[in-house]
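# Structural description and commentary
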Amino acid sequence: MSKLIQIFSSRRTWAWPYVVFLVLFVVLPLIIVGVYALTDINGDFTLRNFAKFFSHSAAIQTFLYSVMIAVINTVICLLIGYPAAYIMAQAEFKTPAVMAMLFILPMWINFLLRTVATVELFNMCGLPLGEGALLFGLCYDYLPFMIYPIYNTLQKMDNSLVEAAQDLGASRWQSFWKVIVPLSMPGVYSGIVMVFMPTVSTFAIAELLTHNNIKLFGSLIQDYITTTDLLNYGAVLSLVLLIIIGLTSFFGDHGGSGEEKGGVV
Amino acid sequence: MRKVKDERTKMKDERLKVKGILILFFFTIFNFQFSICHAQSNVNYTVRVGETKENTVLAEFPESYEGKKVNISIEHSALSIQHSDSLDFVFADREIEALGTWGEQVFAYTDEGETEWTVWRSKKEPKNRNQAVKVKNGRDSFEQYLQETLGTRANRGWIWWIFAGVIGAAVLIKSILTIRKRSAEKLLSSVEQETLRRMRMGNRRHYISQAYLWILLLVLYAPIALIVIYSFTDSKILGNWTGFSLELYANLFTGHADAGLNSAILNTVIIALIAAVSSTILGTLAAIGIYNMRARHRKAISFLNSVPMINPDIITGISLFLLFVALGVSQGLATVCIAHVVFCTPYVVLSVLPRLSRMNPNTYEAALDLGATPFQALRKVMLPELWPGMLSGFILALTLSVDDFGVTFFTKGSGGLETLSTFIYSDARKGGLTPELRPLFTIILLVMLTALIVINVRSNKKAKKEQKQ
């Protein structure tokens, strides 16, 4: 008993349950995805699932299309979100906190419900549902993830640097490109990662926004994983997605300089 | 010289007037265009066949088709995927049965030529997936059908008129005000006019940036406004106003809403509470442990901790789904709770860690030296200090759990367990939304709004007090 107390009084051991939990429910599942990808239905080792992916042109096309949509959406979010964050972070603007709050508030409504409402809005205005609706919906759902990190870094930025640049003769435009933009890069990087990753893996939004006329990679994975016979192939597709996610988060880690990252919430 | 300047300002006034009128004019034209486009776009409804992979669409053919061979092809109009099936039918009956997937487009070909189909599933019976929908061919009858079933839904051109009216009126008022202001400024000296002009340039920049933000917010809130507005009518369909009514609110509170919705709400609350409580306990203990670890171990565990945060929903969901399949665990409430703890705990850890680094590390040891058991020391010394971090972690976990769809979708199993998110998803796939969802989310939005306003006002007051001190 006293030994037990001794073990528990060393606070390092308090993390053990969580470590076990992480290994069981985070590491092991990821390994199992790999195992499923490398086996067939009977559990025998095979590389056929991978071979199937490389000869499955529809899947590759969907994959490339999803990545393209995600890139376009990220660029749109950046183009719309950066000015918004910049304006909010300006000192002359009186109510930045309220504004930031207003941009976050829609996230409290279930995103599927918001998506359905967007579809209804498109129907009401007589706009067709298609690629345009898809991009609008994706941008609508993930814009706050772009605005918030950029706003955070811009707000923390030392304004005297901008003033110094202007004192040294830089024009408004020059001081923006040479001082403000480089200083806000950590926020931009984390914004890009936070928008790109969920967009490339999205699976329900596209289905609802286009009445299932446009299929994204996430929906494809969903289709295969939920079909018992094709589970192993679905695991391969998940691995492909996992690689993209890994690359993106690598980019995010190296783009943003460690501690200066802005984050949501 | 003075005269020339006066002349110039006069010209400017004229130009402003013309500008206002032109803008109004263009808005009118623009609108007109939109109403025309709108009328035409009614024909382009896609197929909404039903929930499951294979559903029946019943389509009624015109009499002239009788006895003819009709080739029906069903195809995905998606850009990348094109798997089309062609089915040949000779029919005596005027009704044809074809198999289709949700969201596919159906085309019919006969000897007489091609007919593009506007097969469409009635929103009136969204729940009944076996009931096929009869849609008449041809534009006139289709629109008629639409009018009969949905009332005035087909004609929504007036939305653009209201939109244009508001903007046009704003532009008109603004230009009238500027013209009046400027005519008063003419009495000032040229130097004063110059300074005013400079100020106006700055102001204009300010106005433009403010307008940008407000327009963005307007677009962001438009769908939400739709939900809020249509929560005050008892229509089954979002977008069909049938007069002011609080019936949906009454239904929600008296339990007369859809049984599926009620159990979904209950499940969501249960899962969120279980997940938030267990992840708060697990995460707090873990944070204390991690904080006291050696740097190398701390780094490794921090990396592991960040994995569930980086992983998108679908990956977390699928990997856990495969784990449960591999272990042969039947999926249900327990698996969903475990899955939610997986993606909630990292956030709790991250919100408790900063509190720990602010704490005096020796107080715990002092308590032990004074004879407290580890549990007592935790409760009396550490918890009071960590409380705020734990609370914010708890709230964050609660929100994440309530809002989650992707992970729940893959781990809920096939036992019919539904949370709010998955309920909305399957509802939307069937082609309709349970109307009581509208008041439910209106209430959630209002609660959140008040909470945020209260927090904001309080922190503002605090900041002011601190400034005074």
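Residues numbered from 1 in each chain as written. Chains lettered and ligands numbered in written order. Predicted model: local features only at pLDDT ≥ 70, side-chain atom pairs only at ≥ 80, totals over all residues.

Before going further, it helps to spend a moment on the overall build of chain B. Within chain B, the regular secondary structure consists of 14 helices and 6 strands. Per-residue burial for chain B yields a buried fraction of 31% across its 469 residues. Here the contacts in chain B between residues at least 6 apart in sequence split such that 75% fall between residues at least 24 apart. (Helix = DSSP H or I, 4+ residues; strand = E, 2+ residues; numbered from the N terminus. Buried ≥ 20, exposed ≤ 12 C-beta atoms within 10 Å, placed from the backbone. Contact = placed C-beta atoms within 7 Å.)

This paragraph deals with the overall build of chain A. Within chain A, the regular secondary structure consists of 12 helices and 0 strands. For chain A, the sequential pattern of α-helices and β-strands runs α-α-α-α-α-α-α-α-α-α-α-α. Considering only contacts in chain A between residues 6 or more positions apart, those separated by 24 or more positions represent 76%.

What follows is about the interface of chain A and chain B. Between chain A and chain B, the contact holds 76 residues from the first and 78 residues from the second. Those elements that provide at least two residues to the side of chain A that touches chain B are α1 (2–9), α2 (16–37), α4 (57–89), α5 (96–104), α6 (111–124), α9 (172–200), α11 (217–225) and α12 (231–255) of chain A. A per-element tally of the side of chain A that touches chain B places α2 of chain A first, with 14 residues. Taken together, the residues of the side of chain A that touches chain B sort by class into 55 nonpolar, 15 polar and 6 charged. (Nonpolar A, V, L, I, M, F, W, Y, C, P; charged D, E, K, R; others polar.)

What follows deals with the domain arrangement of chain A. For interface size, the figure often reported is the accessible area lost on association. All names here are of chain A. What the domain assignment lists for chain A is domain 1 (2–37) and domain 2 (56–260). Domain 1 puts 4 residues into the contact, and the matching count from domain 2 is 6 residues. Taken together, the residues that form the side of domain 1 that touches domain 2 break down as 3 nonpolar, 1 polar and no charged. (Domains from an automatic or database assignment.)

Attention now goes to the confidence of the model for chain B. Residues and elements named next belong to chain B. When pLDDT is averaged across chain B, the result is 70; 64% of the residues are at 70 or more. Below a pLDDT of 50 lies the segment residues 31–63, which in the model reaches 86 contacts outside its immediate sequence neighbourhood of four places, other chains included. Between residues 71–155, whose pLDDT stays under 50, and residues either more than four places distant or in other chains, the model counts 167 contacts. Here the predicted complex carries an ipTM of 0.86, next to a pTM of 0.71. (pLDDT = per-residue confidence, 0-100.)

Moving on to the confidence of the model for chain A. All names here are of chain A. Looking at chain A as a whole, its pLDDT mean stands at 82, while 88% of the residues score no less than 70. Ranking the elements of chain A by mean pLDDT puts α1 last, at 65, and α2 first, at 91. For the stretch residues 256–265, pLDDT sits under 50, and the model shows 22 contacts to residues farther than four places along the chain or on other chains.

A few words now on the packing of α4 of chain A against α9 of chain A. Residues and elements named next belong to chain A. As a packed pair, α4 and α9 sit with axes 9 Å apart at the nearest point and diverge in direction by 140 degrees. Relative to α9, α4 is oriented oblique. α4 and α9 meet at a crossing whose hand is right-handed. Contacts between α4 and α9 involve Ser66, Val67, Ala70, Asn73, Thr74, Cys77, Leu78 and Gly81 from the first element and Val188, Gly191, Ile192, Val195, Phe196, Thr199 and Val200 from the second. (Axes fitted to C-alpha atoms, helices over the stretch in contact; angles between N-to-C directions. Parallel < 35°, antiparallel > 145°, perpendicular 65-115°, else oblique. Left-handed = near helix turned anticlockwise from the far one by under 90°.)

To continue, consider the environment of Leu161 of chain A. Mapped onto the secondary structure, Leu161 of chain A falls in helix α8 (residues 159–167). Using a count of 13 C-beta atoms within 10 Å as the deciding quantity, one classes Leu161 of chain A as partly exposed.

Along the polypeptide, Leu28 of chain A turns up in helix α2. Residues Leu28 of chain A and Ser171 of chain A, 143 residues apart in the sequence, show an inter-C-alpha distance of 56 Å. Discounting residues that sit within four places of it in the chain, Leu28 of chain A has contacts with Val23 of chain A together with Leu323 of chain B.

This paragraph deals with α4 of chain A. With 33 residues, α4 of chain A extends 46 Å from end C-alpha to end C-alpha; this agrees with the ideal 48 Å at 1.5 Å per step. Roughly 25 degrees is the biggest bend found in α4 of chain A, and it falls at Gly81 of chain A, with proline Pro83 of chain A one to four residues downstream. (Expected span 1.5 Å × (residues − 1). Bend = angle between axes of the 7 residues up to and from the residue.)

Now for the environment of Gly165 of chain B. Position of Gly165 of chain B among the secondary structure elements: in helix α3 (residues 158–185). Spatially, the C-alpha atoms of Gly165 of chain B and Pro308 of chain B are 49 Å apart, while their sequence positions differ by 143 residues.

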